Amino acid sequence: PDIETIVGKALEKETGRRYGTAAEFAGDIGRFLTSQPILARPPSAVSQKKKLVARHRVPAAMAGVLLLALVGFVAGMSVLYVRAVRAEAETSRQAETATRALDFMTGMFEVSDPSEARGNVVTARSVLDAGARRIDLDLADQPVVQATLMGTMGEVYYNLGLYRESGRLLESALANRRALLGDDHLDTLAAVQRLAQLYEDQGRLDDAERLLDDALDRAERVDGPDGRATINLRAQLAGVYDDQGRLDEAEAAHTAAVAAAREHLGAEDHDTLSMVSDLAAHYNETGRMDEAESLMVEILRIRRERLGPDHPETLRCINNLALIYQFQGRYDPAEELFLEV
(Lines give C-alpha, C1' and ligand atoms only; values in the text may rest on other atoms or scores of the structure.)
Protein backbone atom coordinates (compact mmCIF):
# COMPACT_ATOMS: atom_id res chain seq x y z
CA PRO A 1 0.00 0.00 0.00
CA ASP A 2 1.18 3.54 -0.72
CA ILE A 3 0.90 4.69 2.89
CA GLU A 4 3.27 1.94 4.04
CA THR A 5 5.69 2.88 1.27
CA ILE A 6 5.62 6.55 2.41
CA VAL A 7 6.18 5.63 6.07
CA GLY A 8 8.92 3.17 5.16
CA LYS A 9 10.79 5.77 3.12
CA ALA A 10 10.52 8.29 5.93
CA LEU A 11 11.99 5.78 8.42
CA GLU A 12 14.87 4.48 6.24
CA LYS A 13 18.14 4.21 8.21
CA GLU A 14 20.27 5.16 5.22
CA THR A 15 20.16 8.90 4.61
CA GLY A 16 20.21 8.54 0.87
CA ARG A 17 17.02 6.46 0.92
CA ARG A 18 14.96 8.84 3.08
CA TYR A 19 13.03 11.93 1.95
CA GLY A 20 15.49 14.74 1.40
CA THR A 21 13.27 17.39 3.03
CA ALA A 22 10.08 17.66 5.07
CA ALA A 23 8.46 19.27 2.03
CA GLU A 24 9.08 16.12 -0.06
CA PHE A 25 7.57 14.02 2.75
CA ALA A 26 4.55 16.33 2.96
CA GLY A 27 4.19 16.32 -0.82
CA ASP A 28 3.89 12.52 -0.95
CA ILE A 29 1.31 12.58 1.86
CA GLY A 30 -0.69 15.14 -0.06
CA ARG A 31 -0.55 13.08 -3.24
CA PHE A 32 -1.70 10.03 -1.29
CA LEU A 33 -4.66 11.91 0.20
CA THR A 34 -5.71 13.21 -3.24
CA SER A 35 -5.26 9.73 -4.87
CA GLN A 36 -2.31 10.86 -7.00
CA PRO A 37 0.75 8.68 -7.74
CA ILE A 38 3.32 9.05 -4.97
CA LEU A 39 7.03 9.58 -5.67
CA ALA A 40 8.27 7.02 -3.14
CA ARG A 41 8.90 3.48 -4.36
CA PRO A 42 8.92 0.25 -2.37
CA PRO A 43 12.43 -1.01 -1.56
CA SER A 44 13.79 -3.47 -4.12
CA ALA A 45 13.91 -7.21 -3.51
CA VAL A 46 17.69 -6.99 -3.18
CA SER A 47 17.41 -4.23 -0.60
CA GLN A 48 14.84 -6.19 1.39
CA LYS A 49 17.06 -9.27 1.38
CA LYS A 50 20.03 -7.22 2.57
CA LYS A 51 17.97 -5.93 5.47
CA LEU A 52 16.78 -9.41 6.33
CA VAL A 53 20.34 -10.73 6.36
CA ALA A 54 21.49 -7.76 8.46
CA ARG A 55 18.79 -8.49 11.07
CA HIS A 56 19.50 -12.24 11.15
CA ARG A 57 23.20 -12.63 10.48
CA VAL A 58 23.76 -16.02 12.18
CA PRO A 59 20.77 -17.83 10.63
CA ALA A 60 21.63 -16.30 7.26
CA ALA A 61 25.23 -17.52 7.51
CA MET A 62 24.06 -21.02 8.41
CA ALA A 63 21.61 -21.00 5.51
CA GLY A 64 24.43 -19.94 3.18
CA VAL A 65 26.64 -22.76 4.37
CA LEU A 66 23.82 -25.26 3.93
CA LEU A 67 23.12 -23.92 0.44
CA LEU A 68 26.78 -24.27 -0.56
CA ALA A 69 26.87 -27.81 0.88
CA LEU A 70 23.72 -28.70 -1.04
CA VAL A 71 25.15 -27.32 -4.29
CA GLY A 72 28.41 -29.22 -3.70
CA PHE A 73 26.51 -32.43 -2.96
CA VAL A 74 24.41 -32.13 -6.11
CA ALA A 75 27.49 -31.36 -8.22
CA GLY A 76 29.40 -34.30 -6.72
CA MET A 77 26.52 -36.70 -7.28
CA SER A 78 26.21 -35.49 -10.87
CA VAL A 79 29.89 -36.22 -11.52
CA LEU A 80 29.58 -39.67 -9.94
CA TYR A 81 26.49 -40.40 -12.04
CA VAL A 82 28.25 -39.41 -15.26
CA ARG A 83 31.25 -41.55 -14.33
CA ALA A 84 29.01 -44.51 -13.51
CA VAL A 85 27.21 -44.22 -16.85
CA ARG A 86 30.53 -44.05 -18.69
CA ALA A 87 31.92 -47.02 -16.73
CA GLU A 88 28.79 -49.05 -17.51
CA ALA A 89 29.08 -48.20 -21.20
CA GLU A 90 32.78 -49.14 -21.20
CA THR A 91 32.03 -52.44 -19.42
CA SER A 92 29.33 -53.21 -21.96
CA ARG A 93 31.67 -52.37 -24.83
CA GLN A 94 34.41 -54.60 -23.42
CA ALA A 95 31.95 -57.48 -22.93
CA GLU A 96 30.74 -57.17 -26.50
CA THR A 97 34.32 -56.99 -27.74
CA ALA A 98 35.25 -60.13 -25.81
CA THR A 99 32.22 -62.01 -27.13
CA ARG A 100 32.89 -61.08 -30.76
CA ALA A 101 36.59 -61.84 -30.36
CA LEU A 102 35.79 -65.27 -28.89
CA ASP A 103 33.41 -66.02 -31.75
CA PHE A 104 36.04 -65.03 -34.29
CA MET A 105 38.80 -67.06 -32.65
CA THR A 106 36.51 -70.08 -32.41
CA GLY A 107 35.79 -69.77 -36.12
CA MET A 108 39.51 -69.64 -36.89
CA PHE A 109 39.99 -73.16 -35.56
CA GLU A 110 37.23 -74.68 -37.65
CA VAL A 111 39.87 -75.28 -40.31
CA SER A 112 41.42 -77.91 -38.01
CA ASP A 113 38.16 -79.87 -37.90
CA PRO A 114 38.65 -83.07 -39.99
CA SER A 115 35.42 -82.37 -41.84
CA GLU A 116 36.86 -79.03 -42.95
CA ALA A 117 40.52 -80.01 -43.39
CA ARG A 118 39.61 -83.07 -45.50
CA GLY A 119 42.85 -84.90 -44.90
CA ASN A 120 45.17 -81.89 -45.33
CA VAL A 121 47.84 -81.27 -42.71
CA VAL A 122 46.81 -78.34 -40.52
CA THR A 123 49.51 -76.27 -38.82
CA ALA A 124 49.30 -73.37 -36.38
CA ARG A 125 50.66 -71.15 -39.15
CA SER A 126 47.83 -72.14 -41.51
CA VAL A 127 45.26 -71.36 -38.80
CA LEU A 128 46.89 -67.99 -38.19
CA ASP A 129 47.04 -67.14 -41.90
CA ALA A 130 43.40 -68.06 -42.36
CA GLY A 131 42.42 -65.82 -39.46
CA ALA A 132 44.48 -62.93 -40.84
CA ARG A 133 42.68 -63.22 -44.18
CA ARG A 134 39.28 -63.21 -42.50
CA ILE A 135 39.85 -60.35 -40.09
CA ASP A 136 39.28 -57.59 -42.65
CA LEU A 137 36.06 -59.09 -43.98
CA ASP A 138 34.33 -60.69 -41.00
CA LEU A 139 34.90 -57.83 -38.57
CA ALA A 140 34.41 -54.81 -40.84
CA ASP A 141 31.29 -53.84 -38.84
CA GLN A 142 33.11 -54.22 -35.52
CA PRO A 143 36.13 -51.89 -35.73
CA VAL A 144 36.98 -52.14 -32.01
CA VAL A 145 37.08 -55.95 -32.11
CA GLN A 146 38.93 -55.80 -35.40
CA ALA A 147 41.62 -53.50 -34.00
CA THR A 148 42.02 -55.67 -30.89
CA LEU A 149 42.49 -58.87 -32.86
CA MET A 150 44.77 -57.20 -35.40
CA GLY A 151 47.05 -56.19 -32.55
CA THR A 152 46.96 -59.64 -30.97
CA MET A 153 47.62 -61.52 -34.21
CA GLY A 154 50.27 -58.98 -35.20
CA GLU A 155 52.12 -59.79 -31.98
CA VAL A 156 51.88 -63.53 -32.68
CA TYR A 157 53.41 -63.04 -36.13
CA TYR A 158 56.10 -60.84 -34.55
CA ASN A 159 56.99 -63.52 -32.00
CA LEU A 160 57.26 -66.02 -34.85
CA GLY A 161 59.74 -63.71 -36.58
CA LEU A 162 57.31 -63.09 -39.46
CA TYR A 163 57.86 -59.35 -39.57
CA ARG A 164 56.19 -58.56 -42.88
CA GLU A 165 52.91 -60.17 -41.86
CA SER A 166 53.21 -58.65 -38.40
CA GLY A 167 53.80 -55.16 -39.79
CA ARG A 168 50.66 -55.19 -41.91
CA LEU A 169 48.47 -56.09 -38.95
CA LEU A 170 50.16 -53.82 -36.40
CA GLU A 171 50.01 -50.81 -38.72
CA SER A 172 46.32 -51.45 -39.40
CA ALA A 173 45.64 -51.90 -35.69
CA LEU A 174 47.31 -48.57 -34.90
CA ALA A 175 45.39 -46.77 -37.65
CA ASN A 176 42.11 -48.17 -36.33
CA ARG A 177 42.95 -47.21 -32.75
CA ARG A 178 43.72 -43.65 -33.79
CA ALA A 179 40.49 -43.37 -35.76
CA LEU A 180 38.33 -44.90 -33.02
CA LEU A 181 39.95 -43.68 -29.81
CA GLY A 182 42.19 -40.78 -30.77
CA ASP A 183 45.95 -40.34 -30.56
CA ASP A 184 46.01 -39.82 -26.77
CA HIS A 185 44.15 -42.97 -25.65
CA LEU A 186 46.23 -45.49 -23.68
CA ASP A 187 45.17 -48.30 -26.04
CA THR A 188 46.47 -46.24 -28.96
CA LEU A 189 49.78 -45.64 -27.17
CA ALA A 190 50.09 -49.40 -26.51
CA ALA A 191 49.60 -50.02 -30.24
CA VAL A 192 52.37 -47.49 -30.95
CA GLN A 193 54.71 -49.39 -28.65
CA ARG A 194 54.11 -52.68 -30.43
CA LEU A 195 54.69 -51.19 -33.86
CA ALA A 196 57.78 -49.28 -32.71
CA GLN A 197 59.28 -52.51 -31.34
CA LEU A 198 58.79 -54.14 -34.73
CA TYR A 199 60.42 -51.18 -36.50
CA GLU A 200 63.36 -51.34 -34.08
CA ASP A 201 63.92 -55.04 -34.76
CA GLN A 202 63.69 -54.37 -38.49
CA GLY A 203 66.41 -51.72 -38.16
CA ARG A 204 63.99 -48.88 -38.92
CA LEU A 205 65.36 -46.93 -35.99
CA ASP A 206 64.36 -43.44 -37.12
CA ASP A 207 60.76 -44.58 -37.63
CA ALA A 208 60.75 -46.21 -34.20
CA GLU A 209 62.18 -43.10 -32.55
CA ARG A 210 59.63 -40.83 -34.25
CA LEU A 211 56.73 -42.97 -33.03
CA LEU A 212 58.06 -43.25 -29.48
CA ASP A 213 58.91 -39.55 -29.12
CA ASP A 214 55.37 -38.56 -30.03
CA ALA A 215 53.82 -41.28 -27.86
CA LEU A 216 55.97 -40.31 -24.86
CA ASP A 217 54.79 -36.69 -25.02
CA ARG A 218 51.18 -37.86 -25.12
CA ALA A 219 51.63 -40.43 -22.34
CA GLU A 220 53.09 -37.82 -19.99
CA ARG A 221 49.91 -35.76 -20.45
CA VAL A 222 47.46 -38.65 -20.27
CA ASP A 223 49.13 -41.09 -17.86
CA GLY A 224 51.33 -38.66 -15.95
CA PRO A 225 55.14 -38.64 -15.75
CA ASP A 226 55.16 -41.64 -13.40
CA GLY A 227 52.48 -43.79 -15.07
CA ARG A 228 53.22 -47.27 -16.38
CA ALA A 229 52.72 -46.30 -20.03
CA THR A 230 55.08 -43.33 -19.70
CA ILE A 231 57.81 -45.34 -17.96
CA ASN A 232 57.58 -48.15 -20.51
CA LEU A 233 57.84 -45.73 -23.43
CA ARG A 234 60.87 -44.06 -21.83
CA ALA A 235 62.58 -47.44 -21.45
CA GLN A 236 61.75 -48.46 -25.01
CA LEU A 237 63.17 -45.20 -26.35
CA ALA A 238 66.38 -45.91 -24.40
CA GLY A 239 66.72 -49.17 -26.33
CA VAL A 240 66.44 -47.28 -29.63
CA TYR A 241 69.19 -44.91 -28.46
CA ASP A 242 71.37 -47.96 -27.75
CA ASP A 243 70.79 -49.30 -31.25
CA GLN A 244 71.62 -45.89 -32.72
CA GLY A 245 74.90 -45.75 -30.79
CA ARG A 246 73.77 -42.78 -28.68
CA LEU A 247 75.11 -44.43 -25.55
CA ASP A 248 75.13 -41.47 -23.15
CA GLU A 249 71.50 -40.65 -23.95
CA ALA A 250 70.65 -44.33 -23.71
CA GLU A 251 72.17 -44.70 -20.25
CA ALA A 252 70.40 -41.60 -18.95
CA ALA A 253 67.07 -42.85 -20.30
CA HIS A 254 67.61 -46.40 -18.97
CA THR A 255 68.57 -45.12 -15.52
CA ALA A 256 65.59 -42.76 -15.33
CA ALA A 257 63.17 -45.49 -16.41
CA VAL A 258 64.53 -48.03 -13.90
CA ALA A 259 64.39 -45.50 -11.03
CA ALA A 260 60.80 -44.54 -11.86
CA ALA A 261 59.73 -48.18 -12.30
CA ARG A 262 61.22 -49.27 -8.97
CA GLU A 263 59.49 -46.40 -7.18
CA HIS A 264 56.08 -46.47 -8.84
CA LEU A 265 55.66 -50.03 -10.17
CA GLY A 266 57.62 -52.00 -7.60
CA ALA A 267 61.06 -53.63 -7.62
CA GLU A 268 59.72 -57.05 -8.63
CA ASP A 269 57.16 -55.89 -11.17
CA HIS A 270 57.46 -57.65 -14.56
CA ASP A 271 58.04 -54.39 -16.45
CA THR A 272 60.55 -53.21 -13.86
CA LEU A 273 62.59 -56.40 -14.20
CA SER A 274 62.61 -56.04 -18.00
CA MET A 275 63.93 -52.48 -17.67
CA VAL A 276 66.63 -53.55 -15.23
CA SER A 277 67.60 -56.30 -17.66
CA ASP A 278 67.91 -53.73 -20.45
CA LEU A 279 70.09 -51.56 -18.22
CA ALA A 280 72.29 -54.60 -17.44
CA ALA A 281 72.65 -55.26 -21.18
CA HIS A 282 73.67 -51.63 -21.69
CA TYR A 283 76.29 -51.91 -18.95
CA ASN A 284 77.60 -55.09 -20.57
CA GLU A 285 77.86 -53.45 -24.00
CA THR A 286 79.73 -50.47 -22.54
CA GLY A 287 82.24 -52.61 -20.64
CA ARG A 288 80.78 -52.20 -17.14
CA MET A 289 80.48 -55.93 -16.69
CA ASP A 290 80.59 -56.07 -12.89
CA GLU A 291 77.56 -53.79 -12.68
CA ALA A 292 75.84 -55.80 -15.40
CA GLU A 293 76.50 -59.04 -13.52
CA SER A 294 75.16 -57.67 -10.25
CA LEU A 295 71.89 -56.59 -11.86
CA MET A 296 71.44 -59.79 -13.85
CA VAL A 297 72.06 -62.10 -10.86
CA GLU A 298 69.34 -60.31 -8.93
CA ILE A 299 66.89 -60.45 -11.86
CA LEU A 300 67.56 -64.15 -12.38
CA ARG A 301 66.89 -64.89 -8.72
CA ILE A 302 63.48 -63.22 -8.92
CA ARG A 303 62.63 -64.83 -12.26
CA ARG A 304 63.45 -68.31 -10.93
CA GLU A 305 61.33 -67.78 -7.83
CA ARG A 306 58.32 -66.27 -9.56
CA LEU A 307 58.27 -67.92 -12.99
CA GLY A 308 60.14 -71.18 -12.50
CA PRO A 309 63.29 -72.51 -14.22
CA ASP A 310 61.74 -73.24 -17.63
CA HIS A 311 59.90 -69.99 -18.35
CA PRO A 312 61.19 -68.13 -21.46
CA GLU A 313 61.92 -65.01 -19.38
CA THR A 314 63.97 -67.08 -16.93
CA LEU A 315 65.88 -68.73 -19.78
CA ARG A 316 66.56 -65.35 -21.34
CA CYS A 317 68.04 -64.13 -18.05
CA ILE A 318 70.23 -67.24 -17.74
CA ASN A 319 71.46 -66.76 -21.28
CA ASN A 320 72.23 -63.07 -20.66
CA LEU A 321 74.15 -63.88 -17.49
CA ALA A 322 76.12 -66.54 -19.39
CA LEU A 323 77.06 -63.93 -21.99
CA ILE A 324 78.29 -61.61 -19.25
CA TYR A 325 80.47 -64.40 -17.83
CA GLN A 326 81.78 -65.10 -21.33
CA PHE A 327 82.73 -61.45 -21.84
CA GLN A 328 84.48 -61.53 -18.47
CA GLY A 329 86.51 -64.56 -19.54
CA ARG A 330 84.83 -66.77 -16.94
CA TYR A 331 84.21 -69.62 -19.35
CA ASP A 332 83.37 -72.44 -16.93
CA PRO A 333 80.33 -70.76 -15.31
CA ALA A 334 79.33 -69.41 -18.73
CA GLU A 335 79.40 -72.93 -20.22
CA GLU A 336 77.38 -74.28 -17.30
CA LEU A 337 74.62 -71.69 -17.82
CA PHE A 338 74.59 -72.12 -21.62
CA LEU A 339 74.14 -75.88 -21.16
CA GLU A 340 71.29 -75.28 -18.73
CA VAL A 341 69.54 -73.10 -21.29
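Conventions and cut-offs
Residues numbered from 1 in each chain as written. Predicted model: local features only at pLDDT ≥ 70, side-chain atom pairs only at ≥ 80, totals over all residues. Heavy atoms only, no water. Core = buried A, V, L, I, M, F, W, Y, C linked by side-chain atoms within 4.5 Å. Buried < 20%, exposed > 50% of the residue type's maximum accessible area, 1.4 Å probe, protein only. Helix = DSSP H or I, 4+ residues; strand = E, 2+ residues; numbered from the N terminus. Contact = heavy atoms within 4.5 Å. Salt bridge = Lys/Arg side-chain N within 4 Å of Asp/Glu carboxyl O. Patch = residues over 30% accessible without salt bridge, like charges linked within 9 Å, V, L, I, M, F, W, Y side chains within 5 Å. Areas by Shrake-Rupley, 256 points an atom, 1.4 Å probe, with all protein chains shown as cover. 1 Å grid on protein atoms, 1.4 Å probe; cavity = no way out; pocket = protein on both sides within 12 Å on 5 of 7 lines; lining within 4 Å. Points joined across faces, edges and corners; volume = space filled by probe spheres on them. Nonpolar A, V, L, I, M, F, W, Y, C, P; charged D, E, K, R; others polar. Expected span 1.5 Å × (residues − 1).

S.K.: Can you help me understand the nonpolar core in this one?
M.R.: Buried together is how nonpolar side chains tend to be arranged in soluble globular proteins. With 27 residues, the main nonpolar core has Ile 231, Met 275, Leu 295, Met 296, Ile 299, Leu 321 and Leu 337 as its most contacted residues. Among the secondary structure elements, those contributing two or more residues to this core are α11 (228–244), α12 (247–264), α13 (270–285), α14 (289–307), α15 (312–327) and α16 (331–340). Those residues in contact with Leu 295 that sit more than four places away from it in its chain are Arg 262, Val 276, Leu 279, Ala 280 and Tyr 283. Leu 170, Leu 195, Tyr 241 and Ala 253 belong to the second largest nonpolar core, which has 22 residues in total.

S.K.: Got a minute to help me understand the pattern of salt bridges in this structure?
M.R.: Should their charged atoms come close, side chains of opposite charge can pair. Tallied over the full model, the rule gives 23 salt bridges. The residue Asp 271 makes a salt bridge to Arg 228 at a minimum N-O spacing of 2.8 Å. Note that Asp 271 is positioned in helix α13 and Arg 228 in helix α11, a separation of 43 residues in sequence. With relative accessibility at 37%, the residue Arg 228 sits in the partly exposed group. Through salt bridges with shared partners, a single ionic network connects Arg 178, Asp 183, Asp 184, Asp 214, Arg 218 and Arg 221.

S.K.: Which parts of the structure should I look at to understand a nonpolar patch on the surface?
M.R.: Together, Ile 3, Val 7, Leu 11, Phe 25, Ile 29, Phe 32 and Leu 33 line one region of the surface with nonpolar side chains, adding up to about 620 Å² of accessible area. At the level of secondary structure, the elements contributing two or more residues to the nonpolar patch comprise α1 (2–10) and α2 (22–33). The biggest single contributor to the nonpolar patch is α2, with 4 residues. Looking at the element boundaries, Ile 3 is found in helix α1. Taking relative accessible area as the criterion, Ile 3 reaches 38% and is therefore assigned partly exposed.

S.K.: How do you make sense of the side chain of Arg 218 when you look at a structure like this?
M.R.: Along the chain, Arg 218 turns up in helix α10 (residues 205–222). We classify Arg 218 as buried; its relative accessible area is 18%. If we ignore the near neighbours within four places in the chain, the residues touching Arg 218 are Asp 183, Asp 184 and Leu 189.

S.K.: Sorry if this is basic, but what is going on with the layout of surface pockets here?
M.R.: A water-sized probe, rolled over the atoms, reveals where empty space remains. Taken as a whole, the largest pocket spans an internal volume of roughly 1,300 Å³. Looking at the largest pocket, it is lined by 36 residues, and the ones nearest its centre are Tyr 158, Gln 197, Gln 236, Ser 274 and Asp 278. Elements represented by at least two residues in the lining of the largest pocket include exactly α7 (143–159), α9 (186–201), α11, α12, α13 and α15. Counting residues per element, the lining of the largest pocket draws most heavily on α13, which supplies 10 residues. Here the residues of the lining of the largest pocket sort into 12 nonpolar, 12 polar and 12 charged.

S.K.: Sorry, what's going on with α10 here?
M.R.: Residues lying three or four places apart along an α-helix face the same way, a consequence of the helix completing one turn every 3.6 residues. Spanning 18 residues, α10 covers 25 Å between terminal C-alpha atoms, matching the ideal 26 Å at 1.5 Å per step. For α10, the complete set of buried residues consists of Leu 205, Ala 208, Glu 209, Leu 211, Leu 212, Ala 215, Leu 216, Arg 218 and Ala 219. Where α10 is buried, its residues meet α8 (163–181), α9 and α11.

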